[in-house]
Amino acid sequence: MPNKCWLQPSNDRNWQPDVAVLAYSDINGNRVTLHNIRNCDYRSETDFDVRHYDKTFDLEKIRTADLYMVYWGSPHMAHTMVSFGFEGGDYVCFSIETRKEKGEAYSAIKGLFRQFELIYVVGDERDLVRLRTNYRQGEDAYLYRLRASPKQVRTFFLDYVRRVDDLHRRPEWYSALTHNCTTSIRTQRASADRAPWDWRMLVNGYGDEMMYERGSITTNLPMAELKQRCHINERARAADKAADFSQRIRQGVPGTEQ
């Protein structure tokens, strides 16, 4: 495969099927329609049918933001995702990833050198979460309810929607240092609204500890107990394809009963 370091990022490549379709939005007042929400039907990690749907969300009904941290081996690094909850039990999840071409595999070294485009996958939790808990081997997922008002959650959600639309119009390179699944959450916000920099934004496996120290997670538990109760793999496997998957994986997670 040719080296892409000197090329411009592109939305026109021979993409792997799960990242071939970009999400985008239409905003009409308080109503946001997200197009191409991914909801793959998995038989295994590599055997699946790609499906997408469109859904309209009412910003007046947005209530919660949840942080997922998914570990695949090392305690030092994790994949982060953010999911937004709406009155009535709807959730939509955002996962910031590398957009890989057919035959291309992720490499941490290549991730430093403009070898992958950046993609914001907008997905159903039964896709983005269940892939990592039920089909990939050796991954552990933790779900934390973030401490935020509906107004703050709405702003956070729109930050994501704007970035989704930006990348739909104009592709960008993924960077393992500056545009990855965690640093992009910070940089998509206006400079004045960004959280203070912390080394754990790079060594992001400790990101939950950082947010706990800052009071950003809804809990009054010690960190060790919180993390134990926020581990969702067992509940996700039990829920599997259930229509109320999102509700069942949140059972027992501190703050989600509010």
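Residues numbered from 1 in each chain as written. Predicted model: local features only at pLDDT ≥ 70, side-chain atom pairs only at ≥ 80, totals over all residues. Heavy atoms only, no water.

1. A look at the pairing of strand β9 (residues 117-123)
So the rule is basically this: Only protein chains enter the area calculation, which uses a 1.4 Å probe; residues under 20% of their type maximum are buried, those over 50% are exposed, and those in between are partly exposed. Numbered from the N terminus, helices here are DSSP runs of H or I no shorter than four residues, and strands are runs of E no shorter than two. Pairing between strands is defined by DSSP: at least two bridges between the two strands are required.
The buried fraction of β9 is high, at seven of seven residues. Taking every second residue as pointing to the same face, both faces of β9 are buried, with Glu117, Ile119, Val121 and Gly123 on one and Leu118, Tyr120 and Val122 on the other. Pairing between strand β8 (residues 90-99) and β9: seven bridges, direction antiparallel. From the neighbouring strand, isoleucine 96 faces β9, where its bridge partner is tyrosine 120.

2. So, the packing of aromatic side chains
Any aromatic ring pair is given by two values, namely how distant the centres are and how the planes are angled relative to each other. Heads up, the condition is: Between the rings of Phe, Tyr and Trp (Trp by its six-membered ring), a pair exists once the centres lie within 6.5 Å; its type follows the angle of the planes, with under 30 degrees stacked, over 60 edge-to-face, and the other angles tilted.
Taken as a whole and assessed by the stated rule, the structure comprises 13 aromatic pairs. Measuring from ring centre to ring centre gives 5.3 Å for phenylalanine 84 and phenylalanine 157, while their planes differ by 75 degrees; the resulting arrangement is edge-to-face. Residue phenylalanine 84 is located in strand β7 (residues 79-86), and its partner phenylalanine 157 is located in helix α2 (residues 150-169); the two are separated by 73 residues in the primary sequence. Accessibility expressed as a relative area gives 0% for phenylalanine 84, which makes it buried.

3. Some points on the pattern of salt bridges
The test is simple: By definition here, a salt bridge exists when the distance from a side-chain nitrogen of Lys or Arg to a carboxyl oxygen of Asp or Glu is within 4 Å.
Evaluated as defined, the whole model comprises 22 salt bridges. Here aspartate 41 ties to lysine 241 by a salt bridge, and the two come within 3.6 Å at their closest N and O atoms. Residue aspartate 41 is found in strand β3 (residues 41-42), and its partner lysine 241 is found in the loop between α6 (233-239) and α7 (245-249); the two are separated by 200 residues along the sequence. Each of Asp66, Glu125, Arg145 and Arg250 takes part in a single network of salt bridges with overlapping partners.

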